[in-house]
Amino acid sequence: MDQDTKIEALVQLLPYIGGSLSTLYFGNKQRIRFERLESFYKELVEELEKVKSSIASIDKHSEEELIALIEEVNDRVENERINSKRKYYKNLFKNSLIHPVRNNFNERKYFVDLISQLTELHFQIISKIVLAQKKIEINEFSIPGVDRTLIKGFIQQLNNYGILECEITKISVIEGNSGIQNFEIVWPTELGRKFHYYCFSK
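Residues numbered from 1 in each chain as written. Predicted model: local features only at pLDDT ≥ 70, side-chain atom pairs only at ≥ 80, totals over all residues. Heavy atoms only, no water.

## Some points on the overall build of the chain
So, step 1. If you tally the helices and strands in the chain, you get eight helices and three strands.
So, step 2. Going from the N terminus to the C terminus, the chain shows its helices and strands as α-α-α-α-α-α-β-α-β-β-α.
So, step 3. Sequence separation of at least 24 residues holds for 66% of the intrachain contacts in the chain that already meet a minimum separation of 6.
So, step 4. Element-wise, carbon and sulfur atoms account for 52% of the exposed surface of the chain, whose accessible area totals about 12500 Å². (Helix = DSSP H or I, 4+ residues; strand = E, 2+ residues; numbered from the N terminus. Contact = heavy atoms within 4.5 Å. Areas by Shrake-Rupley, 256 points an atom, 1.4 Å probe, with all protein chains shown as cover.)

## Focus on helix 5 (residues 105–117)
So, step 1. Taking 1.5 Å as the rise per residue, helix 5 with 13 residues should run 18 Å; its terminal C-alpha atoms sit 18 Å apart, in good agreement.
So, step 2. Turning to helix 5, its buried residues are Phe105, Arg108, Phe111, Val112, Asp113, Leu114 and Ile115.
So, step 3. Buried residues along helix 5 sit against helix 3 (63–79), helix 4 (83–98), helix 6 (120–132) and helix 8 (190–200). (Expected span 1.5 Å × (residues − 1). Buried < 20%, exposed > 50% of the residue type's maximum accessible area, 1.4 Å probe, protein only.)

## Topic: the pattern of salt bridges
So, step 1. In this structure the tally under the stated criterion is 11 salt bridges.
So, step 2. Among the ionic pairs, glutamate 72 bridges to arginine 76, the shortest N-O distance being 3.7 Å. Residue glutamate 72 and its partner arginine 76 are located together in helix 3, separated by four residues, close to a single helical turn.
So, step 3. Residue class for arginine 76 comes out partly exposed when judged on its relative accessible area of 21%.
So, step 4. A salt bridge links arginine 76 to aspartate 113, with the nearest nitrogen and oxygen atoms 2.7 Å apart. Of this pair, arginine 76 sits in helix 3 while aspartate 113 is found in helix 5, placing the two residues 37 residues apart along the sequence. (Salt bridge = Lys/Arg side-chain N within 4 Å of Asp/Glu carboxyl O.)

## Let's talk about the environment of valine 51
So, step 1. Along the chain, valine 51 falls in the loop between helix 2 (18–50) and helix 3.
So, step 2. Leave out the neighbours within four places in its chain, and valine 51 touches Lys94 and Ile98.

## Describing unusual backbone geometry
The phi angle of most residues is negative, glycine excepted, and most peptide bonds adopt the trans form.
So, step 1. Positive phi, normally seen in glycine, also occurs at asparagine 103, with a value near 60°.
So, step 2. Checked against the element boundaries, asparagine 103 lands in the loop between helix 4 and helix 5.
So, step 3. With a relative accessible area of 72%, asparagine 103 lands in the exposed category.
So, step 4. Despite not being glycine, glutamine 133 has its phi angle at roughly 55°, a positive value.
So, step 5. Relative to the assigned elements, glutamine 133 resides in the loop between helix 6 and strand 1 (136–137).

## Points about the side chain of arginine 36
So, step 1. On the secondary structure map, arginine 36 appears in helix 2.
So, step 2. Glutamate 80 provides the closest opposite charge to the buried, unpaired arginine 36, separated from it by 7.4 Å.
So, step 3. Here glutamate 80 takes part through its backbone oxygen, which lies 3.3 Å from a polar atom of the side chain of arginine 36.
So, step 4. The contact partners of arginine 36, leaving out residues within four places of it in the chain, are Val77, Glu78, Asn79, Glu80, Arg81 and Arg86. (Lys, Arg positive; Asp, Glu negative; His and termini not counted. Polar contact = N/O pair within 3.5 Å; in protein donor to acceptor, adjacent residues only side chain to side chain.)

Listed below in structure tokens is the structure:
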């Protein structure tokens, strides 16, 4: 018995309202999950039609790794409420069909896990830094309407995930009083560039 079935059975035991509440919540929950997957695959089919000549043949993939990745993506899409994240899963799936899943499952699985953990602000930060194509001084980095302290915190999280690299650079400053000033620099790692490609590339 899976977790949902166990919880559904317990809800049904609630006095007076258990049966009705169980039908209302769990029936609706399954419908929404199905609709998410249905929409996901309809959009995926349409987009793959445009790049079908680029799709790798099935023998180029590790069957075991590809099936495992599909299962991971399906599970996340079913439960993901945020539409933009479902698009990132779709891009990851599509690009994984173009670039074979073979001896790289851990990396692709990590990308799936990251999509579920990151917020839209994380994705905005990643995209802006990757597309800048240069090292950026963190104090000069901004996103309209977002507190700089929050941005710095999110950049640190992405650094911990291995997506961004941060470094403190000391620069001599001669303006009135000479001295040394610290500048914190950020840029994408190779893993970060890959993550950006797989999740954003259409």
